[in-house]
Structure formats: C-alpha cells, structure tokens
Amino acid sequence: MLPFEPPAQDDQSGNRQRDAGSDQYVSNSLQDGNAGASELSGPRIAQVDQHIAMYEAMSINHELEQRAVASARAIAFVHFDMTSPKNNIVEALVHQGDLIKIDRGLYVLIESDEDQRRYSGRIVEGPFFDPDVLKRDSTPVQFIILHQGQGKRLSLPEYHGRIHIELLGEEVNGLLYPTTRRPRPASPVFAYQSSMMSDMLHLRGNILLGQLDTYKDVFVHIDGENKEYLPRNVLTVGTVGSGKSNTDQVLIEETLAANYAQIVVDPEGEYTLMDKPVETAGVQEMLALYGRAPRGVPHLTVYRPPLCGSKRADAVEFSVPFDSLSPELIAEITDMNETQGMRFTFLYEQAIAVMRKEGQGPAQIIGEEEEANLSRGYPGITLDFLLDILNQEFAHHEYKREEESAEKGKKSKGAAKSDDTSDEAKKVLPSSEVNFYCRVHRLKPLIEDQHDASSYGALRKKLRELRSTRLFDRHDAPKLDMVRLSEPGHLTIIDMSDCDDREVKNIIIADLLARMYRYKMDLDEKTNKQRRVMLTIEEAHGFVSRENKGKMEQTLSQLQRIARRGRKRWLILHFVTQSPQHLPSELFELANNKIIHQTTGTENLRVLKLAAGTINEGIWDEVPSLGIGRAIVVSSQYPHPIMVRIRPAASQRNYTL
Ligand SMILES: Nc1ncnc2c1ncn2[C@@H]1O[C@H](COP(=O)(O)OP(=O)(O)OP(=O)(O)O)[C@@H](O)[C@H]1O
Ligand SMILES: [Mg+2]
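Note that the coordinates shown come from a computational prediction; the quantities given were computed from them, not determined experimentally.

Q: Whenever I open this one, the environment of S195 confuses me. Can you help?
A: Residue position: S195 is located in the loop between strand 9 (188-191) and helix 5 (197-200). Distance in space between the C-alpha atoms of S195 and V218 is 7.5 Å, their sequence separation being 23 residues.

Shown next, in the form of structure tokens:
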C-alpha cells in the first residue's frame with residue numbers, strides 16, 4: 001500500500017468540502033429568475049440585483065479560490081474521454097507552457113474535486129500535440145507547418161499537449177486501493193515530488209538495481225533481508241543484447257555485497273573476469289551517478305567441467321558424485337528410451353542389492369525389505385560399479401552361450417560318448433564365473449537370453465559414453481563443495497564455455513541443484529539466513545524447455561521443489577533467458593520477481609504477458625522498444641511493475657564474441 005502525501009497544497013484538502021450552501025444559492029437564484037419569467041406576462045424584468053448577488057457569492061466561493069490556487073501547480077487537466085476509452089487510462093490536456101514538465105513515466109496525483117476522490121497514476125503515453133483552436137488537418141495549420149524552413153518561418157498557432165495516464169489506484173487515507181471509478185473531467189493533475197517516490201513505491205532496500213525511469217534522483221532497490229521479496233526466485237528475460245547479462249552482473253555484485261553467496265552456471269564464460277574492475281571508457285562517470293565505482297568482486301572461484309578448458313588458468317576442475325542423482329533423473333537427462341530406462345532401473349536395483357549384501361550403503365537401511373530412497377541416488381553407488389556389474393553379466397552370458405553350444409556339439413557327435421557323466425563334475429569354472437556376483441550373492445542374473453543381452457548391450461554403450469565424459473566420481477577432481485559455495489559474499493562461476501555436451505551440462509546443473517537443496521534443508525534457520533544462496537542459470541531454456549518438458553518431468557519437478565521450498569531456506573533460483581516462449585510455463589509461475597528487458601516476437605510477448613498478468617497495457621506496450629538496460633521490474637516488493645534504468649556493472653565482463 002502506498003502512503004500518499006501530495007505536494008504542499010494538500011493540507012488544505014480538508015477545507016475543500018464542496019460549499020453546498022453557495023451552490024444552492026446559485027441554482028436557486030437562476031431558478032427564481034426563470035420562474036418569474038414564466039409566471040409574469042409582458043416584458044421581462046432584468047433581475048440585475050439577483051445576478052449581482054450571485055456573482056458576489058461566487059467571488060467569495062472558497063472552493064473556487066482554492067481550486068485556482070491548487071491548479072496553479074497542476075501540470076495537466078483531465079479531458080473528456082475518447083471515443084473508445086479504457087477503464088484504466090485517462091486522457092489529460094497540458095498547457096503549452098507546462099509541456100516542459102511532462103515526461104513519460106512520471107507519477108501523478110489526480111484530484112477529482114467533483115466527487116472528492118484522489119487517484120494515483122503514471123504517464124504512459126504522450127505528450128501528443130494539438131493546435132488549441134484550429135483543427136490539425138485544417139488548411140491554415142497545414143499551410144503553416146509546410147511553410148517552415150527554406151527561408152520561411154510562419155509563427156505556429158498556439159497548441160497544447162495530450163497525455164495518457166494509467167490509473168494505478170485510488171488513494172484513501174494515504175493508502176492505495178484498486179479503483180472502480182475514474183477522475184472527472186477538468187480534474188487537475190499534479191506531479192509527485194521525486195523525494196516521495198521511494199516510500200510511495202517501496203523502493204528501499206540494500207540491493208541497488210538502478211534508477212526509476214525518468215527520475216534522476218530516485219534509486220530502485222530490492223530488500224535482500226526480507227524473505228518475502230528477493231528470495232522468491234527471479235526470472236530475467238530479454239532479446240539478444242537487451243542487457244540481461246549486465247543486469248545479472250549487477251544482481252551478482254549487489255547480492256554479494258549484501259553477503260549472499262552467488263553461483264552462476266555460465267554457458268559462455270562471460271562472468272569469469274568479475275574479480276576485475278570494468279574498464280569500458282566512460283563507465284566510471286555512469287557508475288558515479290549510482291554511487292558506485294569500477295570494482296571487481298572480492299571472492300571469486302571459477303570451476304570447469306572435466307575435459308573442458310577455461311580462459312581462466314586458475315579454473316578448478318570438478319566432478320560429479322554419481323550417487324547425487326536419482327536413477328530416474330539420470331535416465332531422463334541422458335535421454336534413455338523407455339526400454340533403456342527400465343533396464344537401467346533393474347541394473348541400479350541389482351547394484352543396490354549387491355551393495356547391501358556386501359554391507360555397503362547407508363547404515364540405517366538394514367533389512368532387504370526396506371525400500372531405498374531413490375529420490376536421490378543410492379549412497380556410494382558409482383557408474384563404474386554399474387558398468388562392472390554389466391560386464392560381469394555379459395561375461396557370464398557369453399560363458400553360458402559357449403557352454404550351450406559345446407553341449408549341443410557333444411550331443412550331435414553321438415550317444416556313444418554321452419554316458420561320460422563325469423565330464424560335468426570334473427569341469428573347472430573360469431575365475432570370472434567363480435567370482436560372478438550373482439553366484440557369490442545368490443542373485444538372479446539380469447541377462448538370461450539374447451533379447452536381454454541386446455537390450456543391455458545398448459544400455460552398456462550409453463553408460464560407457466557417459467563414463468567417457470570423465471564427469472563422475474574423480475579423485476583427482478573433487479566434487480563441488482556446498483559449504484564453500486554457500487560462503488557469504490563468495491561468487492562461484494561454473495564455466496561451461498568449452499562444454500558442448502548438453503547432457504554433461506544438465507547433469508552438472510541437476511547435481512548442483514540437488515546437493516545445494518539437500519545441504520540447505522539440513523541447516524537450521526539461523527545458519528540458512530547467514531548462508532543465503534542465489535543460483536543463476538543463464539540460458540535456462542537450454543536446461544528445460546517447453547518442447548522437451550514431457551521428457552524432463554524429473555528435472556522440472558526437482559526445480560519446482562527447490563523453487564517452492566527454497567525460499568524459506570534462503571535458496572533462490574534465478575533463470576535468465578532470451579526465449580521466454582521456450583521456457584516451460586511452470587518456471588514463470590515459480591519466479592515472483594521478473595526483470596523484463598526489451599522483448600520482441602509475438603509468441604515471446606504473449607507468454608510473458610500471460611505470466612506477468614499484473615502489468616497494465618500502458619507500460620506493457622513499451623516492452624518491444626525498451627532499448628538497452630531499461631527493464632520493467634515486477635516484484636512482490638513493489639505495489640505495481642516499475643520501469644527501471646539498470647545501472648551498468650562495476651565488474652569486468654569477458655566478452656566472448
Ligand atoms: N544498464 C546498462 N547500462 C549500460 N550499458 C549496458 C546496460 N545493459 C547492457 N549494456 C551494454 O549493452 C550491451 C549488451 O548487453 P548484454 O550483453 O548485457 O545483453 P544480453 O541481453 O545479455 O545479450 P545476449 O542475449 O547476447 O546475452 C553490452 O555491451 C552491455 O555493456
Ligand atoms: Mg547475455
């Protein structure tokens with residue numbers, strides 16, 4: 001709710017009660033005159049005295065006087081409505097001399113004296129210009145306009161401006177409420193003083209985004225200390241080059257300074273130089289406007305996936321613990337078909353059975369009847385172990401086949417030798433058979449016929465490919481440490497610039513999400529607040545997209561779980577994308593904070609508008625032409641979407657093109 005304190009003239013509003021008595025007087029005296037005329041015959045009496053009395057009464061009308069004084073500060077007056085008016089848009093006319101005070105984006109107070117109501121609004125269109133008396137397409141006007149320049153300069157007819165104001169609500173006792181009415185014609189329109197904007201729009205906080213559009217001295221912050229605001233997931237969208245990454249850098253710099261930890265999944269390696277100050281010419285002066293100076297972030301660690309390079313020589317190679325991800329999630333990310341997925345689950349369960357027989361795995365699971373919790377991987381299970389089991393299965397299957405064909409051979413050579421039953425007893429098993437895990441642990445083999453063999457063959461190929469990424473369980477490349485990653489003020493960049501493998505990228509993100517979530521779930525409330533984490537996924541549509549949504553159910557539900565429950569644990573997800581149309585609608589719903597940069601394309605605009613339902617037409621129309629660095633910010637902190645000029649980043653960007 002907005003505390004509205006209009007400019008100085010407001011303290012008189014209590015006096016601005018309509019002077020019913022004098023109104024009464026004016027209308028009665030006119031009625032008297034007419035009544036007299038109808039009743040009397042012959043020439044009408046001038047009734048001069050009555051009219052003088054009437055004008056005298058008008059001259060001491062406080063309301064009119066006050067209106068005149070108040071209107072002296074007005075920048076516009078509400079006009080009668082257009083032929084096809086909209087409920088939330090009011091047209092107002094501006095005197096030529098006041099045009100200098102008009103800016104789009106200006107917040108205004110409209111005092112509708114006639115019905116004693118006050119409205120708050122924002123100029124969203126205009127100023128458009130019309131001649132005062134003549135019609136714009138009349139011959140004289142066209143003549144004058146056409147005779148400018150080329151040595152001629154005819155003086156312009158007097159003209160005025162026309163603006164469209166989006167009504168934001170009705171103010172009652174300093175608070176803003178949705179309105180079901182509109183201000184009456186001729187109501188004066190006042191500009192709010194810029195000193196009031198911060199309180200009015202709830203722009204205070206410790207995370208600076210930029211300036212309120214059209215106001216040079218009003219800064220837009222988000223309160224990073226309030227669980228209801230920033231920790232409610234963020235979505236940044238915008239077309240190529242609209243300023244998304246700059247916004248992201250700003251958000252990173254500011255949240256780090258507010259003692260958040262930041263983790264960025266960086267597909268282009270753009271953020272890997274953020275520990276250095278920005279060097280672009282002229283940016284120092286621009287930053288000074290926001291009370292900032294070129295500066296690198298103090299604590300940065302760059303990580304790189306196995307077999308991938310990084311422009312940072314000090315980038316740390318890391319690996320992923322295979323047991324961090326559930327078998328369903330692995331099957332989904334590695335794009336296994338239904339049969340492969342099923343076989344993979346059998347294999348996984350078989351591996352768990354073996355581990356249990358060997359006394360491995362979590363201590364609390366004792367009996368075989370107890371189900372393992374497979375919403376995560378089985379603790380201690382590795383890809384190498386699964387492949388080892390598969391290899392043993394194939395060796396066994398091969399052995400069996402050879403045995404069978406040898407048996408057939410014997411039979412075909414004649415019955416004479418078939419009575420030599422001692423052969424079987426004397427046979428010595430190869431060590432692979434002696435040590436075959438199914439024999440050792442009395443388990444049923446997975447591969448029993450040729451059909452099983454070919455199916456598991458395809459799975460083995462897939463798992464071998466996965467192993468060749470050298471992504472999992474490497475002693476020489478430790479897993480990402482959630483304690484370090486959640487260190488207050490620490491920036492972690494996962495540099496994926498040299499990684500083309502979508503599966504690898506998605507496994508890394510899934511592991512990061514899963515382990516950070518579990519880590520945060522285990523912390524108490526106080527420690528969670530000390531270890532606030534924002535996790536940014538650039539090019540989020542590459543991770544989960546509308547098109548592959550059906551095949552990414554596990555991933556999506558993992559995201560939903562984190563997004564819903566992460567807020568209480570101070571774990572914030574930040575998605576950045578240039579293609580909102582490709583992002584699953586679920587992700588829009590999860591992001592309460594939206595930073596909308598210039599966006600084009602009918603479909604992009606349609607899905608965005610649907611998701612950001614509270615954005616009114618007036619401001620929405622600007623989205624395709626916002627330009628670089630201007631954005632509409634939707635947040636639960638602000639009473640309505642606001643237009644922000646995002647500040648430039650103070651740290652360096654690694655431009656990759
Ligand atoms: N708020 C801003 N103030 C000043 N310059 C900006 C601002 N935002 C962006 N820029 C500049 O505009 C250019 C494009 O911005 P940026 O790279 O952030 O856009 P992007 O939306 O991330 O683009 P892409 O889709 O290619 O990733 C950069 O040179 C950046 O420095
Ligand atoms: Mg970018």
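Q: Could you clarify how one ought to interpret the nonpolar core in this entry?
A: General note: in soluble globular proteins, nonpolar side chains tend to be found buried as a group. Counting residues in each nonpolar core, the largest one holds 143 residues, and the members touching the most others are V108, V189 and V533. With 10 residues, the top contributor of residues to this core is helix 16 (residues 502-521). When sequence neighbours within four positions are dropped, the list of residues in contact with V533 reads Y260, A261, I263, S486, M516, K520, W570, L571 and I572.

Q: Explain the sheet that holds strand 12 (residues 234-237) here, please?
A: Sheets are built from strands paired through backbone hydrogen bonds, the pairs being either parallel or antiparallel. Read across the sheet, 12 strands follow the order 11-10-21-20-19-12-18-17-13-16-14-15 without closing on themselves; strand pairing throughout is mixed. Of all the strands in the sheet, just strand 11 (219-222) and strand 15 (316-317) have a single pairing partner and so form its edges. Bridge count for strand 10 (residues 207-212) against strand 11 is 4 bridges, and the pairing is antiparallel. Paired with L208 across the bridge in strand 11 is H221.

Q: Honestly, the site of ligand 1 in this entry has me stumped. Any pointers?
A: Around ligand 1 there are 13 residues in total, and G243, K244, S245, N246 and G629 lie nearest to it. Among the elements that take part in the shell around ligand 1, helix 6 (residues 244-257) stands out by supplying 3 residues, more than any other.

Q: Looking at this structure, I do not really get the environment of R502. What am I missing?
A: If you trace the backbone, R502 turns up in helix 16. In the structure, R502 is positioned 168 residues away from T334 in sequence and 9.1 Å away in space, judged by C-alpha atoms.

Q: Quick question: what am I supposed to make of the environment of P624 here?
A: Its place among the elements puts P624 in the loop between helix 21 (617-620) and strand 20 (630-634). With 24 residues separating them in the primary sequence, P624 and T600 have C-alpha atoms 5.1 Å apart. In contact with P624, other than residues within four places in its own chain, are Q598, T599 and T600.

Q: Can you walk me through helix 9 (residues 338-357) in this structure?
A: Every α-helix carries 3.6 residues per turn, so stepping three or four residues along brings you back to the same face. With 20 residues, helix 9 should cover 28 Å at 1.5 Å per step; its first-to-last C-alpha distance of 29 Å lies within 8% of that length. All of the buried residues in helix 9 are R343, F344, L347, Y348, Q350, A351, I352 and V354. Directly after helix 9, the chain includes G359, whose backbone phi takes a positive value near 75°.

Q: Just checking my understanding: could you explain the pairing of strand 16 (residues 491-495) for this structure?
A: Along any regular strand, the residues point their side chains to alternate faces of the sheet. Taken across its 5 residues, strand 16 has 5 buried, putting it largely inside the fold. Along strand 16, one buried face is formed by L491, I493 and D495 and the opposite face, lined by T492 and I494, is buried too. The pairing of strand 13 (residues 261-266) with strand 16 spans 5 bridges and is classified as parallel. Looking across to strand 16, one finds that Q262 is bridged to L491.

Q: Can you walk me through the confidence of the model for the protein in this structure?
A: Interpretation of this model should avoid reading the predicted coordinates in detail wherever pLDDT is low. Of the residues in the protein, 85% have a pLDDT of 70 or more, and the chain-wide mean is 84. Note on residues 1-40: pLDDT under 50 across the span, and 51 contacts to partners over four residues away in sequence or across chains. In this model, residues 364-370 is a region of pLDDT below 50 whose contacts with residues beyond four sequence positions or in other chains number 3 contacts.

Q: I keep staring at the packing of helix 16 against helix 18 (residues 553-566) and nothing clicks. Help me out?
A: The relative placement of two packed helices is expressed as an angle between their axes plus a distance between the axes. At a minimum axis distance of 11 Å, the contact between helix 16 and helix 18 shows a crossing angle of 35°. As helix 16 packs across helix 18, the resulting crossing turns out to be left-handed. Of the residues in helix 18, those touching helix 16 at A510, L513, A514 and Y517 are T555, Q558, I562 and G566.

Q: Looking at this structure, I do not really get unusual backbone geometry. What am I missing?
A: For residues besides glycine, phi is generally negative; the peptide bonds are generally trans as well. A cis amide bond, omega 0°, links G126 with the succeeding residue P127. Mapped onto the elements, P127 comes out in strand 4 (residues 117-131). The backbone of L307 sits at a positive phi, close to 65°, despite the residue not being glycine. Along the chain, the position of L307 falls in the loop between strand 14 (300-304) and strand 15. A positive phi angle is found at D335, which is not glycine, with a value near 60°.

Q: Which parts of the structure should I look at to understand the packing of helix 9 against helix 14 (residues 450-468)?
A: Following both chains from N to C, one finds helix 9 and helix 14 inclined at 85°, their axes separated by 9 Å at the closest point. Looking at the two axes, helix 9 sits roughly perpendicular to helix 14. Residues T339, Q340, R343 and F344 of helix 9 form the contact with helix 14, whose own contacting residues are S455, Y456, A458, L459 and K462.

Rules used in this analysis
Residues numbered from 1 in each chain as written. Chains lettered and ligands numbered in written order. Predicted model: local features only at pLDDT ≥ 70, side-chain atom pairs only at ≥ 80, totals over all residues. Helix = DSSP H or I, 4+ residues; strand = E, 2+ residues; numbered from the N terminus. Core = buried A, V, L, I, M, F, W, Y, C linked by C-beta atoms within 7 Å. Buried ≥ 20, exposed ≤ 12 C-beta atoms within 10 Å, placed from the backbone. Contact = placed C-beta atoms within 7 Å. Pairing = 2+ DSSP bridges. Near = placed C-beta within 6 Å. Expected span 1.5 Å × (residues − 1). pLDDT = per-residue confidence, 0-100. Axes fitted to C-alpha atoms, helices over the stretch in contact; angles between N-to-C directions. Left-handed = near helix turned anticlockwise from the far one by under 90°. Parallel < 35°, antiparallel > 145°, perpendicular 65-115°, else oblique.

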